[in-house]
Structure formats: structure tokens, C-alpha cells
Amino acid sequence: MGEPKKVLVSRQFPDIGIKLLEQAGFKLTIWSKDRPMSLSELIDFSMKHQALLCTLSDMITKEFLEKCSHLKIISQFAVGYDNINVAEATRLKIPIGFTPDVMSEATADIAFGLMIATARKMFFLHKTILKGEWGYFKPRGNLGMELRGKTLGIFGLGRIGMKMAKLCKNAYGMEIIYHNRQPNPVGEKDLNASWVDFEDLLARSDVLSVHSVLSRETQGLFNWEIFKQMKPNAIFINTARGAIHNETDLIEALSSKQIWGAGLDVTDPEPMAKNNPLLSMETVCVLPHVGSGTMEARNGMSRMAAENIIEFYKTGTLPYAVNPGVLEKEL
Ligand code: DGY
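In every chain, residue numbers begin from 1 and rise along the written sequence. The predicted nature of this model means local features are confined to residues of pLDDT at least 70 and side-chain atom pairs, given and counted, to a pLDDT of 80 or more, with totals for whole chains, interfaces and linings taken over all residues. As a convention, hydrogens and water are excluded, and side-chain values are obtained from all of the structure's heavy atoms.

Before we move on, could you go through the pattern of salt bridges and cite the residues and values that matter?
By definition here, a salt bridge exists when the distance from a side-chain nitrogen of Lys or Arg to a carboxyl oxygen of Asp or Glu is within 4 Å. Using the criterion set out here, one finds 13 salt bridges in the structure. Residue Arg35 pairs with Glu41 through a salt bridge whose shortest N-O separation is 2.9 Å. Two residues, Glu66 and Lys62, come together in a salt bridge whose shortest N-O distance is 3.1 Å. Taken together, the positions of Glu66 and Lys62, both in helix H3 (residues 62-67) and four residues apart, correspond to about one turn of that helix. In this text, helices come from DSSP runs of H or I with a minimum length of four residues, and strands from runs of E with a minimum of two, each type numbered from the N-terminal end.

Here is the structure:
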């Protein structure tokens, strides 16, 4: 047995994964500050390690990868990996691990919760109590909308989108329509979901929930032109990545009543400024990117991120790989 392999751990992740790595004999350097490392700190520290355990706030850019091309594996604590230049890592033959599915339930719960909270103006009404404005019962005031029988449009019917669709179908008998590049036969069979083109998704959804990845195609996709094609009673939900919507255009669409409301767990930028107009709108509910924030999900993510590193050193494979092609042996 040679020197123990050194792993840089970029944040304080749940103990479960850290313990697994320690028990497997890895030597860990854990960044103990509350803030993420800057790019230069990340590069400097990574230089002295063979593996990196990181998350979405770590910018694994081309520059980082060029300087740290010695890394044997990058294991991401998240299902999304838009912070990583995967093409460059793949070119350098660095395998990237991620943590799919274990947080789907938790994230779908947040999408579902935001949908109800927005439909009933919950965050806004809570703020009125804090301001001492809970007056008399208002027979015509504070009215929200009901969700029973409405149409849910899912943009990206994958792991999380499926769970959100199931919750909405079971709770409110919502009709499910979706737009994906590839049809989802399981969703069509189990949830009676129908594939529609993007224009139809916009025109027909009472609630439009975004569950796609952030990519060149989806960056800024939900802009003024798109909001204009949605129903005036529509609720826009985004629990995926803030950069998929254009926030200025969203504010405009809500202020001009082009759409009815928005529930966001992700914003652009993050953190959102405390004076952002969205925070004082009656039909908007914003959360600080907590989709995967349950003990179960975060423990699962920590375990999977650790397993990716352990398995890689043991067997040369990653159980949860973003770019599995780099592990294939050339014949
Ligand atoms: C992810 O996993 O990509 C979430 O955004 C954070 O848990």
C-alpha cells in the first residue's frame, strides 16, 4: 500500500461521506470556511491533491482544469454540474461523478410546495402579519387560486419532473403535459403525460414547472418573449437553475400581469439581493436554493459523492458518472 491518496473537500459536507472516505484510508483536507473557495484558492489547494470533492458553488472552469489536469477524479456533491466544464474535463480524461436521484423527492417537494404557496400568496400574507397588517376578515380579499383539475406543464420530464408530476396528479388530478427533447414513455404510461411542443406547453400550462438542466440551449430561455406566450393565470415554477429564466423579464411579466405568479427556489444571481422587487410581490414565493435540503437527501448525496471516489480507486469505475466514456479502456 503506497501513500494515502489526498482528497480536497471544498465544503463541509455531511459526515456520512467524510467518514466513508476516512475509513477507506483517504487523507482529507476539508475547507472549513463558510464561503466557497475562490478560483485561485481552489487551484492552489487542488495542486496538492489527487482528487476533488466539490459542489455547485465551485467553478471548475477551463482555467481550473488546465492548471489542475493532474486530478484523477472530480466528484460533485450535486445532481447538477453546470459549474463544471465537462467537455474540458473529458478532453483531459478526468472522470466527473455526481449524485443523481437521491434528492429528487426533496426537490419535487419544494416545487410542489412553491406551487401551492404561490397559488395562495402564502409568503406575502405571512409578511403582512409580521408588519402588523392582519386586519378584519376580508370576504373579497387575499384571494388565491385552486389547483384541482388544472394543467401542469413540465419542462424537462426527468427524475425530478416525474416526481413533481406525480405529486400534482395524485393531489389535484392535474393533467400533465411535458416538453422534452426525447419522449418519456414511463411518464406517458404511469402519469398519462402527453408530450407537447414548446409553444403548446406555454399556451396550455396553468402551472409551468422547470426541471431541465442549465445548458447553452436553456440559458435565459424563459424570457419576455416566452412569458408573453403563457396564460395570464399561469404560475411559473423554477427549482432547477436560476439562469434558465431571465429575471428582469420575469419581473416585467409579473408586474404587467402577463403571468400570474412565480415560485422560485433558484434565482439569478444567487444569493438574490434583499431589495429584489420579486420579494415584495403578492404572487411570488422565493426560497434560497434549498431543493435538496433534507437530511435524507444531503446524507445520500454525501454518501454517493464519497462512493464515487472510493470505487474509482478500487475498481477504476464510478457508480454515478457524468462522463463514463473517459473510463472506457482503449482497445
Ligand atoms: C443540485 O444537486 O444540483 C441542487 O441544485 C443542489 O442540491
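For helix H1 (residues 15-23), give the residues involved together with the corresponding values.
Under the scheme applied here, a residue whose accessible area is under 20% of the maximum for its type counts as buried, over 50% as exposed, and between as partly exposed, the area being computed with a 1.4 Å probe on protein chains only. Of the positions making up H1, those classed as buried are Gly17, Ile18 and Leu21. The buried side chains of H1 occupy one side of the element, clustering within an arc of 100° when seen end-on. Those residues of H1 that are exposed and angled more than 90 degrees off the buried face are Asp15 and Gln23. Residues are treated as being in contact if the distance between any of their heavy atoms lies within 4.5 Å. Residues of H1 that are buried sit in contact with strand S1 (6-9), strand S2 (27-30), strand S3 (51-54) and helix H12 (295-315). Two residues or fewer after H1 comes Gly25, characterised by a positive phi angle close to 90°. Directions drawn from the helix axis to the C-beta atoms are what define this arc.

Summarise the sheet that holds strand S5 (residues 96-97); cite the residues concerned and give the values.
Strand pairing is assigned whenever DSSP identifies at least 2 bridges connecting the two strands. Spatial ordering of the open sheet is given by S2-S1-S3-S4-S5, a layout of five strands whose pairing is parallel. Each edge of the sheet is formed by a strand with only one pairing partner; in this case those strands are S2 and S5. Relative to strand S4 (residues 73-76), S3 runs parallel, the two being bridged by four bridges. Pairing of Cys54 across the sheet is with Gln76, part of S4.

Please set out the site of the ligand residue by residue, giving values where relevant.
If a single non-hydrogen atom of a residue is within 4 Å of a molecule or strand, that residue counts as near it. Around the ligand sit Leu56, Ala78, Val79, Gly80, Met103, Arg241, His289, Ser292 and Met301, and that is every residue in its neighbourhood. In protein, a polar contact requires one atom able to donate a hydrogen and another able to accept it; more generally it is a pair of N or O atoms within 3.5 Å, and residues adjacent in sequence count only if both atoms are side-chain atoms. Val79 is positioned with one of its backbone polar atoms (N or O) 2.7 Å from an oxygen atom of the ligand. At 2.6 Å, a side-chain N or O of Ser292 approaches an oxygen atom of the ligand. Within the complex, 90% of the 230 Å² of free accessible area of the ligand lies under protein. Under the grouping applied here, Gly and all other residues not named as nonpolar or charged are polar, the nonpolar ones being Ala, Val, Leu, Ile, Met, Phe, Trp, Tyr, Cys and Pro and the charged ones Asp, Glu, Lys and Arg. Looking at the shell around the ligand residue by residue, the class counts come to five nonpolar, three polar and one charged. With residues, only the protein chains shown are counted as cover, and all accessible areas are computed by Shrake-Rupley using a 1.4 Å probe.

Lay out the domain arrangement of the chain with the relevant residues and their values.
If you check the domain split of the chain, you get domain 1 (6-102 + 295-330) and domain 2 (104-286). For domain 1 and domain 2, the distance between their C-alpha centroids amounts to 32 Å. Listed by partner, the interface residues are nine residues for domain 1 and five residues for domain 2. A simple way to read buried area is as the amount of 1.4 Å-probe accessible surface that goes missing from two parts once joined, with both sides added. Summed over both sides, the interface between domain 1 and domain 2 buries roughly 600 Å², with carbon and sulfur atoms accounting for 48% of that surface. The interface formed by domain 1 and domain 2 includes one salt bridge. Residue Arg241 is joined to Asp82 by a salt bridge in which the shortest nitrogen-to-oxygen separation is 2.8 Å. Each domain's extent was defined by an automatic or database domain assignment.

Tell me about the pairing of strand S6 (residues 151-155), residues and numbers included.
Most of S6 is tucked away: five of the five residues are buried. With burial as the criterion, each face of S6 is covered, one bearing Thr151, Gly153 and Phe155 and the other bearing Leu152 and Ile154. Of the strand pairs in this sheet, S6 and strand S7 (residues 175-179) are connected by five bridges, and their pairing is parallel. Counterpart to Leu152 in the pairing with S7 is Ile176. The handedness rule is simple: strands pointing away from the viewer, and a clockwise path from the first strand over the helix to the second, make the crossover right-handed. Taken together, S6, helix H7 (residues 159-172) and S7 constitute a β-α-β crossover, and its handedness is right-handed.

Just give me the short version of the sheet that holds S6, but keep the residues and values in it.
Reading across from one edge, S8-S7-S6-S9-S10-S11-S12 is the order of the seven strands in this open sheet, with parallel pairing throughout. Either end of the sheet is taken by a strand with one partner, and the two such strands are strand S8 (194-195) and strand S12 (284-286). Here S7 runs beside S8; their pairing, made up of two bridges, is parallel. Considered in S8, the bridge of Ile177 is made with Ser194. As a rule, the C-alpha atoms of each element are fitted with a line to give its axis, helices using only the stretch in contact, and angles between N-to-C directions run from 0 to 180 degrees. Packing against the sheet, helix H5 (residues 104-119) makes contact with strand S9 (207-210), strand S10 (235-238), strand S11 (261-264) and S12, and its axis sits at approximately 150° to S10. Sheet strands touched by H7: S6, S7 and S9. Its angle to S6, the strand with the most contacts, is close to 175°.

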